[in-house]
Amino acid sequence: MVVTDTDIEDWRQVHNAIIPDELGFDDVRERLQRNHLDVAYLGEALVACTTVRPPSPDLAEPIVIVRVLPDYRRQGIGATLLERALGQAAESGGEGVATIVWEPNVDGLRFATAHGFTDEIDRYVPDGETSAYLTLRRTK
Ligand SMILES: CC(C)(COP(=O)(O)OP(=O)(O)OC[C@H]1O[C@@H](n2cnc3c(N)ncnc32)[C@H](O)[C@@H]1OP(=O)(O)O)[C@@H](O)C(=O)NCCC(=O)NCCS
């Protein structure tokens with residue numbers, strides 16, 4: 001679980017390496033108030049981060065997001081972390097669970113679909129950008 005300033009910095013480093021929407025240290029600290037954030041290591045190496053967002057006014061079901069740095073993909077880390085995140089989300093309300101994928105992340109879309117997130121419930125293009133963030137849902 002993300003607790004210390006080092007954890008926050010590591011979580012931010014993985015997030016910003018993968019997602020174009022750059023987050024600052026204080027942005028992550030603010031998210032920590034609402035979300036369950038985790039970082040993952042392979043030995044000493046920082047490899048991944050996860051977000052579990054509880055139901056909110058925007059969506060009455062939890063959201064789970066797994067991000068694995070490109071050098072560490074395709075060895076099962078994503079699937080392991082998704083299982084853990086789904087376990088954390090299981091206690092939240094709602095029959096379903098969603099994830100958010102930036103559409104150009106081909107690996108992410110394939111992974112989400114393979115894990116049952118097939119129901120597109122939202123598509124959002126931030127101002128000034130051309131690519132969409134897709135919210136994809138499955139039952140728990
Ligand atoms: C999506 C993401 C988390 C997947 O992480 P990952 O660690 O590569 O995931 P896995 O290793 O569990 O699975 C990926 C693929 O590797 C395969 N794989 C797993 N272990 C393997 C192994 N030991 N040897 C070879 N292949 C393996 C899986 O079968 C899967 O194959 P597929 O894409 O053909 O279905 C990663 O690509 C990422 O961070 N993407 C950007 C963020 C994002 O879009 N996240 C999605 C929202 S949850």
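Attention in this report is confined to the structure presented alongside it.

## Description of the overall build of the protein
Across its full length, the protein carries 4 helices and 6 strands. A compact globule built from 140 residues should have a C-alpha radius of gyration of about 14 Å, and the protein, at 14 Å, falls within 12% of that. Each of the three principal axes of the protein carries a C-alpha extent, and together these read 35 × 35 × 30 Å. Counting the 140 residues in the protein, one finds 40% classified as buried. Long-range contacts, defined as pairs at least 24 residues apart, comprise 56% of the intrachain contacts of the protein with a sequence gap of at least 6. Computing the positive centroid from 14 side-chain charges and the negative centroid from 24, the protein places the two 4 Å apart.

## A closer look at the site of the ligand
Taken together, 19 residues lie near the ligand, and Val68, Arg74, Gly76, Gly78 and Arg110 sit nearest. Contact between the ligand and Gly76: an oxygen atom at 2.7 Å from a main-chain N or O atom of the residue. Taking 940 Å² as the accessible area of the ligand by itself, protein coverage stands at 73%. Put simply, the parts of the chain that give the shell around the ligand at least two residues each are strand 3 (63–68), helix 3 (77–89), strand 4 (96–102) and helix 4 (106–114). No other element matches helix 4, which puts 4 residues into the shell around the ligand. Along the lines of polarity and charge, the residues of the shell around the ligand split into 8 nonpolar, 6 polar and 5 charged.

## Focus: the packing of aromatic side chains
Throughout the structure, instances matching the rule amount to 0 aromatic pairs. Across the ring face of Phe117, the terminal group of Arg138 is positioned such that the distance to the ring centre comes to 5.5 Å.

## What to know about the pairing of strand 3
Across the 6 residues that make up strand 3, a large majority, 5, are buried. Pairing geometry for strand 2 (residues 45–53) and strand 3, over 6 bridges, is antiparallel. Each bridged residue has a counterpart across the sheet, and for Val52 the counterpart in strand 3 is Val64.

## Quick look at helix 1 (residues 5–18)
Helix length check: helix 1 (14 residues) gives 20 Å between terminal C-alpha atoms against 20 Å at 1.5 Å per residue, within 8%. When helix 1 is considered as a whole, its buried residues turn out to be Asp7, Ile8, Asp10, Trp11, Val14, His15, Asn16 and Ile18. Buried-residue contacts for helix 1 involve helix 2 (25–34), strand 1 (36–42), strand 2 and strand 3.

## Section: unusual backbone geometry
Residues other than glycine seldom take positive phi values, yet Arg74 does so here, at roughly 65°. With respect to the helices and strands, Arg74 occurs in the loop between strand 3 and helix 3. The exposure class of Arg74 is exposed, given its relative accessible area of 76%.

Conventions adopted
Residues numbered from 1 in each chain as written. Predicted model: local features only at pLDDT ≥ 70, side-chain atom pairs only at ≥ 80, totals over all residues. Heavy atoms only, no water. Helix = DSSP H or I, 4+ residues; strand = E, 2+ residues; numbered from the N terminus. Rg over C-alpha atoms; globule rule 2.2 N^0.38 Å. Buried < 20%, exposed > 50% of the residue type's maximum accessible area, 1.4 Å probe, protein only. Contact = heavy atoms within 4.5 Å. Lys, Arg positive; Asp, Glu negative; His and termini not counted. Charge placed at Lys NZ, Arg CZ, Asp CG, Glu CD. Near = heavy atom within 4 Å. Polar contact = N/O pair within 3.5 Å; in protein donor to acceptor, adjacent residues only side chain to side chain. Areas by Shrake-Rupley, 256 points an atom, 1.4 Å probe, with all protein chains shown as cover. Nonpolar A, V, L, I, M, F, W, Y, C, P; charged D, E, K, R; others polar. Phe/Tyr/Trp six-rings, centres within 6.5 Å; stacked < 30°, edge-to-face > 60°. Lys NZ or Arg CZ within 6 Å of the ring centre and 35° of its normal. Pairing = 2+ DSSP bridges. Expected span 1.5 Å × (residues − 1).

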